[in-house]
Amino acid sequence: MFLVADCGATKCDWAVSDGTQCVNTFSGAGFNPVHSKDDTIFAAIKNAVTSSEINPRTIECIFFYCAGCINDIAKEKISGALRYFFPDSKILTYDDLTAAGRAIFKTDSGIACILGTGCNAGVYTNMQITDKIPPLGYVLGDEGSGASIGKRLLNALYKKEFPDEYRENFEKECIINYDDIIYGVYTSDSPAVFLASFMPFIHNHINDLMYRNLVLTEFDLFFNRNVIRLNRPKTYNAGFVGSVAVNFEDILKDAARFHGITISNIIQKPILRLVEFHNETTLQEQ
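Here we summarise the structure given alongside this text. (Residues numbered from 1 in each chain as written. Predicted model: local features only at pLDDT ≥ 70, side-chain atom pairs only at ≥ 80, totals over all residues. Heavy atoms only, no water.)

**Regarding the environment of Phe201**
Here comes step 1: Within the secondary structure layout, Phe201 lies in helix H9 (residues 199–204).
Here comes step 2: Residue Phe201 is classed as buried on the basis of its relative accessible area, which comes to 5%.
Here comes step 3: Sequence separation between Phe201 and Asp189 is 12 residues, and the spatial gap between their C-alpha atoms is 22 Å.
Here comes step 4: Setting aside chain neighbours within four positions, we find Phe201 in contact with Leu153, Asn169, Phe170, Glu173, Cys174 and Tyr211. (Helix = DSSP H or I, 4+ residues; strand = E, 2+ residues; numbered from the N terminus. Buried < 20%, exposed > 50% of the residue type's maximum accessible area, 1.4 Å probe, protein only. Contact = heavy atoms within 4.5 Å.)

**A few points about the packing of aromatic side chains**
Here comes step 1: In the structure shown here, the tally under the stated rule is 20 aromatic pairs.
Here comes step 2: Geometrically, the ring pair formed by Phe170 and Phe201 is edge-to-face, given 5.2 Å between the ring centres and 80 degrees between the ring planes. Of this pair, Phe170 sits in helix H6 (residues 164–174) while Phe201 sits in helix H9, and the two are 31 residues apart along the sequence. Like Phe201, Phe170 is buried.
Here comes step 3: On the basis of an interplanar angle of 75 degrees and a centroid distance of 5.4 Å, the ring pair of Phe222 and Phe223 is categorised as edge-to-face.
Here comes step 4: Judged by its relative accessible area of 0%, Phe223 falls in the buried class.
Here comes step 5: Aromatic rings pair up to connect Phe162, Tyr166, Phe170, Phe194, Phe198, Phe201 and Tyr211 into one cluster.
Here comes step 6: Sitting above the plane of the Tyr94 ring, Arg102 keeps its charged end 4.6 Å from the centroid. (Phe/Tyr/Trp six-rings, centres within 6.5 Å; stacked < 30°, edge-to-face > 60°. Lys NZ or Arg CZ within 6 Å of the ring centre and 35° of its normal.)

**So, the pattern of salt bridges**
Here comes step 1: Under the defined criterion, the tally for this structure stands at 12 salt bridges.
Here comes step 2: Where Asp38 meets Lys77, a salt bridge forms, and the shortest distance between an N and an O atom there is 4.0 Å. Of this pair, Asp38 sits in helix H1 (residues 38–52) while Lys77 sits in helix H2 (residues 72–85); the two residues are 39 residues apart in sequence, bridging distant segments of the chain.
Here comes step 3: Exposure remark for Lys77: the relative accessible area of 21% places this residue in the partly exposed category.
Here comes step 4: Close ionic contact of Arg83 with Glu76 constitutes a salt bridge, the shortest N to O distance being 2.3 Å.
Here comes step 5: You can call Arg83 partly exposed: its relative accessible area is 39%.
Here comes step 6: Residue class for Glu76 comes out partly exposed when judged on its relative accessible area of 42%.
Here comes step 7: Each of Arg212, Asp250, Asp254 and Arg257 takes part in a single network of salt bridges with overlapping partners. (Salt bridge = Lys/Arg side-chain N within 4 Å of Asp/Glu carboxyl O.)

Written out as structure tokens, the structure reads:
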């Protein structure tokens, strides 16, 4: 038996496989090991594992994919928490971009992309990410992500790039005001999640050209800064995971065509395809 987890800043999806098929799935709170404290990570894993009624003794290996798994320090924060509940299991940690590549392309090659709360993109070959440009997070980058689009929306509304009635409608529909926004961005534990929380509002108004162009601008920046400079064969197609990619698929494909890139697949959650990948491969890790 093995356990697979796909963890983002907002949510973590889990699945158990007997080696041939998925036998259980469940979800819990997400986290980012770069920003999240040890007790936050521990609590998220504890709540998910205890609610699932998993018998830790039956789990031989854990494949944990996580946004922010960028160095040994971040990986050890996750492994340390997992070892408390699964002391006898082999624990393997990866970043979320590797999860995207394996879920979309499995043993094939392509450009793996993520558009959710954050963004990421890289060249996927031989079941690994072989080239990438760092996304730099919601402050310095993450173009095209829910956090970056949310930031652009707030800037447009409150810097009067949009007419006043747009801001008034936004505040009414989202039940929010300027003070709430400043508090959410600058004092919350997860500013990126807060910024991305406005994506449903944008989706509800996407037929308005103002909002559509706002999203299109972000997607253009995503391809410009994260994809076209990759060391990649021009024949490689792109594949996407994430709620932003799914919910704004038509705009995303328009931006991709402008940059001469074909999108072959868009999926919201990679967890079940990751289970398939590990069921189908005999990948041996270092």
